[in-house]
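Residue-level structural notes
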Amino acid sequence: MEESRSSLAALLLDPSFWADWASVVGLVGLIILFGVTSPVFLSVANLQALLLAAAILVVLSIGQTFVVATSGIDLSLAASVMLGAVILGLIHAAGLGIFAACVAAVAATSAIGLLNGVLITTGRIPDFVVTLGTLSGITGLGLIISGGEPTMVGSTFLLKLASGKFGPFGYPVWVAIAAVIIAHIALYHTRFGVHLLATGGQAESAAALGIRTNRVKIAAYTISGFCAGIAAILLVARIGSAEPQINTSLLLNSVAAVVLGGVSLFGGRASILGPAIGALMLTALVNGLTLLSVSAFYQPLAVGVIVVLAALIMRYQK
Amino acid sequence: MSAAIHIPPTEAILACQGLSKHFGGIRAFTDVDFQARRGEVTAVIGDNGAGKSTLIRCLVGVHQPDGGAIHFDGRPHPFANPDGARKAGIETVHQNLALIDELTVAQNLFLNREIVRRIGPFALLDRKAMKTQARAMLSKLSINVPSVGQRVRRLSGGQRQAISICRAAGSGAKLVVMDEPTAALGVQETANVEALIRRLREQGVSVILISHNFDQVRRLSDQIWVMRAGKMVATVRSAETTGNELVALVTGAA
Ligand SMILES: Nc1ncnc2c1ncn2[C@@H]1O[C@H](COP(=O)(O)OP(=O)(O)O)[C@@H](O)[C@H]1O
Ligand SMILES: [Mg+2]
């Protein structure tokens, strides 16, 4: 008893504990704060809406996590979501059916991820230059093929996806939960996951042991692109149309969720639950501020402050 | 002064003839002949920059030599990559390229050789088996670490080097290559690693040891090869040489 109490105290005094659990601590803190200040916040309806709103960011944060774990970054993530959505809309509008449209969207965004990975590894160009380049290229491509116009997507499948429920959660939430489970297994229970962390930790040492570090990195960027495609489907389902507009806060928040989730920006250290909870926390922040009628202008400021704080705490991570 | 070699090929576990490697304009080594005998500790000594690390990186597939032949276990064997060398039975403890800090002791010991369980089309890591075997590997070489589930970042330099060597030795390798395994270690840690190398030899593993500690080399090895400025300049039996002779060979003062 004595021992467990003193070890708990030691744990609470250890800054690396707070760094590892920043997203959980932040989420619990926000729930208490908003729960006290806004009576609606903890209502079942609001919590369900919150989870629904978080689903897209959770999926994107998972993609970003795989890339950051290799000590890279994917700045083209939000642009890929836009391009995926535009392609989905155009193919659906061409009458090829919703499933073909969804598959094409995911294939396109995965191909962008693959391209990012190949340029970064075999092209030996720094990750932020490559993904900044594809960010710009995709933005242009999306505008060109859509003519800058939104496309309505009237599909019963997407309507059901957006508004249907199974048990307590809407389908998008289940998609996010499935993504979390699959990504968690891939990261912690497969050889790929270990090789990913080894590549992000010390790429040269990993290569000396025969790990094909370039392939691992390319796979990570492709996974990121794949997640962007899934997010594009959820986005089109949610708003009912495909718009050639980039939601830049999705990109910033995906990186923010990864940082809050205790993933090292230097690579080699990652989890899936951490960033997923980080994404929940950021969504809860926006949701709570809205309920408190704080102007939407303050939301980016609040996110920025929290992310920089989280990055500061991360310095204590062991 | 030239390297005289009188080793029957069957006794050599690893041999190379006429090996060269250049990096752009930089000549790492040229026209190197070298052999390591089965069951022996073979040392390669030489000053910094003599080409020792690059030579062994060529032998184990990290670099591709520009010219020359490599034989391993009696067969011609140029390794296209480190994986090929590992599969053939050569394990390497690289200088400065050792463990992954953020992974645990067990994960490092099984890196790129993970034990998996097949579940339908999927292969999932068998962490329990890896932890159990990791403990057995460490205790076989009397290596002490607090826990195989611990990240190696928190271990001392000596513990880390011991784990690198354990990883190299633990897989039933025929040949373990070590590049300056005690360069960054204190006195006690060096003694532990030297004891580890003796234990490996007793277990019948062939060892190539790169060092520039002449006393260590005479204590541990059976045969010594000397490199100077990218050339293999001499080879002597360890029992038949002196520290002064080695110094002369390495510096070219003889
Ligand atoms: N990857 C590389 N690129 C360019 N030059 C290299 C590389 N690796 C080694 N060298 C050069 O090859 C020579 C031999 O180096 P090395 O094999 O590390 O020597 P040693 O291990 O004997 O100290 C040095 O001049 C070094 O600068
Ligand atoms: Mg060296």
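Just so you know, these numbers come straight off a predicted model, no measurement behind them. (Residues numbered from 1 in each chain as written. Chains lettered and ligands numbered in written order. Predicted model: local features only at pLDDT ≥ 70, side-chain atom pairs only at ≥ 80, totals over all residues. Heavy atoms only, no water.)

In this section: the site of ligand 1. Residue and element names in this part refer to chain B. Around ligand 1, the structure places Phe23, Ile26, Ala28, Asp47, Asn48, Gly49, Ala50, Gly51, Lys52, Ser53 and Thr54. At 2.7 Å, a backbone N or O of glycine 49 approaches an oxygen atom of ligand 1. Here glycine 51 contributes a backbone N or O atom positioned 3.0 Å from an oxygen atom of ligand 1. Taking 560 Å² as the accessible area of ligand 1 by itself, protein coverage stands at 65%. Every element with two or more residues in the shell around ligand 1 is listed here: strand 2 (26-37) and helix 1 (52-59). The element best represented in the shell around ligand 1 is helix 1, accounting for 3 residues. Classifying every residue of the shell around ligand 1 gives 4 nonpolar, 5 polar and 2 charged. (Near = heavy atom within 4 Å. Polar contact = N/O pair within 3.5 Å; in protein donor to acceptor, adjacent residues only side chain to side chain. Areas by Shrake-Rupley, 256 points an atom, 1.4 Å probe, with all protein chains shown as cover. Helix = DSSP H or I, 4+ residues; strand = E, 2+ residues; numbered from the N terminus. Nonpolar A, V, L, I, M, F, W, Y, C, P; charged D, E, K, R; others polar.)

Turning our attention to the layout of surface pockets. With a probe scaled to a water molecule rolled over the atoms, the places where space remains empty come into view. A volume near 1,000 Å³ is recorded for the largest pocket. Forming the boundary of the largest pocket are 37 residues, of which Tyr188(A), Arg269(A), Ala270(A), Ser271(A) and Arg151(B) lie nearest the centre. When residues of the lining of the largest pocket are traced back to their parent elements, those giving at least two are helix 2 (15-20), helix 3 (22-37), helix 9 (171-189), helix 10 (191-201) and helix 14 (273-291) of chain A together with helix 3 (105-109) and helix 4 (127-140) of chain B. Across the lining of the largest pocket, the residue classes tally to 15 nonpolar, 13 polar and 9 charged. (1 Å grid on protein atoms, 1.4 Å probe; cavity = no way out; pocket = protein on both sides within 12 Å on 5 of 7 lines; lining within 4 Å. Points joined across faces, edges and corners; volume = space filled by probe spheres on them.)

The pLDDT averaged across chain B works out to 89; a share of 95% of its residues lies at or above 70. Interface confidence for the predicted complex, given as ipTM, is 0.86, next to a pTM of 0.87. (pLDDT = per-residue confidence, 0-100.)

Residues and elements named next belong to chain B. Applying the stated criterion across every chain yields a total of 14 salt bridges over all chains. One salt bridge in this structure joins glutamate 91 and arginine 113, with 2.7 Å as the shortest N-O distance. Residue glutamate 91 is found in strand 6 (residues 90-93), and its partner arginine 113 is found in the loop between helix 3 and strand 7 (116-119); the two are separated by 22 residues along the sequence. We classify arginine 113 as partly exposed; its relative accessible area is 28%. Linking glutamate 102 and arginine 153 is a salt bridge whose minimum nitrogen-to-oxygen distance equals 2.8 Å. Of this pair, glutamate 102 sits in the loop between strand 6 and helix 3 while arginine 153 sits in the loop between helix 4 and helix 5 (157-169), and the two are 51 residues apart along the sequence. (Salt bridge = Lys/Arg side-chain N within 4 Å of Asp/Glu carboxyl O. Buried < 20%, exposed > 50% of the residue type's maximum accessible area, 1.4 Å probe, protein only.)

Below, the discussion takes up the sheet that holds strand 9 (residues 175-179) of chain B. Residues and elements named next belong to chain B. Read across the sheet, 6 strands follow the order 6-9-10-3-11-12 without closing on themselves; strand pairing throughout is mixed. Two strands lie at the open edges of the sheet, namely strand 6 and strand 12 (231-237), each paired on one side alone. On average, each strand axis in the sheet is inclined to that of its neighbour by 15 degrees, with strand direction left out of account. The sheet contact formed by strand 9 and strand 10 (residues 206-210) spans 5 bridges and is parallel. Within strand 10, the residue paired with methionine 178 across the bridge is leucine 209. (Pairing = 2+ DSSP bridges. Axes fitted to C-alpha atoms, helices over the stretch in contact; angles between N-to-C directions.)

The next thing to look at is the sheet that holds strand 4 (residues 67-72) of chain B. All names here are of chain B. Strands sit in the order 2-1-4-5 across an open sheet of 4 strands; the sheet is antiparallel. Looking along the sheet, the strands with just one partner apiece sit at the ends: strand 2 and strand 5 (75-76). Pairing of strand 1 (residues 12-23) with strand 2 involves 8 bridges; the strand directions are antiparallel. Counterpart to alanine 15 in the pairing with strand 2 is glutamine 35. Across the sheet, helix 1 is in contact with strand 1, strand 2 and strand 4; its angle to strand 1 comes to roughly 115 degrees. (Contact = heavy atoms within 4.5 Å.)

As enumerated under the stated definition, the model contains 7 aromatic pairs over all chains in all. With centroids separated by 5.2 Å and ring planes inclined at 70 degrees, the aromatic side chains of Phe34(B) and Trp225(B) adopt a geometry described as edge-to-face. One end of the pair, Phe34(B), is in strand 2; the other, Trp225(B), is in strand 11 (residues 223-228), with 191 residues separating them in the sequence. Here Phe34(B) and Trp225(B) have matching classes, each one buried. An aromatic cluster is present here, built from Phe166(A), Phe169(A) and Trp174(A) joined pairwise through their rings. (Phe/Tyr/Trp six-rings, centres within 6.5 Å; stacked < 30°, edge-to-face > 60°.)

Now for the environment of Leu220(B). All names here are of chain B. Looking at where leucine 220 falls in the secondary structure, it is placed in helix 7 (residues 214-220). Taking the C-alpha atoms as reference points, leucine 220 and valine 207, 13 residues apart in sequence, are found 10 Å from one another. Among all residues touching leucine 220, those that are not within four sequence positions of it are Val41, Glu194, Ile197, Arg198 and Leu209.

With that settled, the discussion passes to the domain arrangement of chain B. Residues and elements named next belong to chain B. Along its sequence, chain B is carved into domain 1 (1-89 + 174-254) and domain 2 (102-173). Each of domain 1 and domain 2 was reduced to a C-alpha centroid, and the two centroids are 26 Å apart. Listed by partner, the interface residues are 17 residues for domain 1 and 18 residues for domain 2. Counting the surface lost from both domain 1 and domain 2, the interface buries some 1,300 Å², and carbon and sulfur atoms represent 60% of this. (Domains from an automatic or database assignment. Buried area = accessible area lost by both parts, 1.4 Å probe.)

Turning to the confidence of the model for chain A, a few remarks are in order. On average, residues of chain A score 92 in pLDDT, and 98% of them are at 70 or above. No element of chain A has a lower mean pLDDT than helix 1 (residues 2-13) of chain A, which averages 69, and none a higher one than helix 6 (residues 98-121) of chain A, which averages 98.

Residues and elements named next belong to chain A. Taken as a whole and assessed by the stated rule, the structure comprises 0 disulfides over all chains. With no disulfide of its own, cysteine 227 lies closest to cysteine 102 among cysteine sulfurs, the gap being 16 Å. On the basis of relative accessible area, cysteine 227 is assigned to the buried category, the value being 8%. (Disulfide = S-S within 2.5 Å.)

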